[in-house]
Amino acid sequence: MQEDFYPFSLSRHKLRYEFVSVSTIKEIRKVVTLDLTTSANTYNLALLDTLDSGKLSDLAESNNNDLSKVLATIFQIIENFFRKCPKSLIAFKGSDERRQRLYRIVITRELSKIVKKFEVYGSIENQILLFEPNIEYDFYLISKL
């Protein structure tokens, strides 16, 4: 992705990245976590909004009109993670059907750029397949080339 991205920080104690989504209306603290799963060297990526209560939510509707910049920031975070853990896999899926579709659209749109740095897979019924556009996957996996 060539879009501008937000500066982000990494927690010293765990794989938790933070950045702020900024618009003329509001600022939203975003958190990206990478949690080790039960599968070897596989981390689950979650994008979360910090709510006014301080709680984190993967269902919040930000509507901050900066989707491209947020997604570009996530790609920068993924690159940062792979510099630290190059032999790992990142798994992710949308927290709802709409977000899952959005991720598929973005991966499809950016695929020619993504495949220069990463291998992208999709899972259907526990079968891992090389990502192909216009196929509905249960979740996605990314690894460093």
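The structure this text deals with has already been given above.
Keep in mind it's a predicted model, so treat the numbers as computed, not measured.

The next thing to look at is the pattern of salt bridges. What the rule picks out here adds up to eight salt bridges. Between glutamate 18 and arginine 16 there is a salt bridge; the shortest N-O distance is 2.8 Å. Judged by relative accessible area, glutamate 18 falls into the partly exposed class, the value being 28%. Note that arginine 98 and glutamate 61 form a salt bridge whose closest N and O atoms lie 2.6 Å from each other. One end of the pair, arginine 98, is in helix α2 (residues 97-114); the other, glutamate 61, is in the loop between β5 (56-57) and α1 (67-84), and 37 residues separate them in sequence. Classification of arginine 98 as partly exposed rests on a relative accessible area of 46%.

With two bridges connecting them, strand β1 (residues 9-10) and strand β2 (residues 16-22) associate as antiparallel partners. Each bridged residue has a counterpart across the sheet, and for leucine 10 the counterpart in β2 is tyrosine 17. What sits between β2 and strand β3 (residues 27-36) in their antiparallel hairpin is a turn of four residues.

The subject of this paragraph is α1. Over its 18 residues, α1 runs 26 Å from end to end, which matches the ideal 26 Å to within 8%, given 1.5 Å per residue. Among all positions of α1, only Val70, Leu71, Ala72, Thr73, Ile74, Phe75, Ile77, Ile78, Glu79, Asn80, Phe81 and Phe82 are buried.

This part is about the environment of glutamate 79. For glutamate 79, the location among the structural elements is in helix α1. When the C-alpha atoms of glutamate 79 and phenylalanine 118 are compared, they prove to be 9.2 Å apart, with 39 residues separating the residues in sequence. For glutamate 79, the contacting residues outside a window of four places in its chain are Lys117 and Phe118.

Analysis parameters
- Residues numbered from 1 in each chain as written.
- Predicted model: local features only at pLDDT ≥ 70, side-chain atom pairs only at ≥ 80, totals over all residues.
- Heavy atoms only, no water.
- Salt bridge = Lys/Arg side-chain N within 4 Å of Asp/Glu carboxyl O.
- Buried < 20%, exposed > 50% of the residue type's maximum accessible area, 1.4 Å probe, protein only.
- Helix = DSSP H or I, 4+ residues; strand = E, 2+ residues; numbered from the N terminus.
- Pairing = 2+ DSSP bridges.
- Expected span 1.5 Å × (residues − 1).
- Contact = heavy atoms within 4.5 Å.

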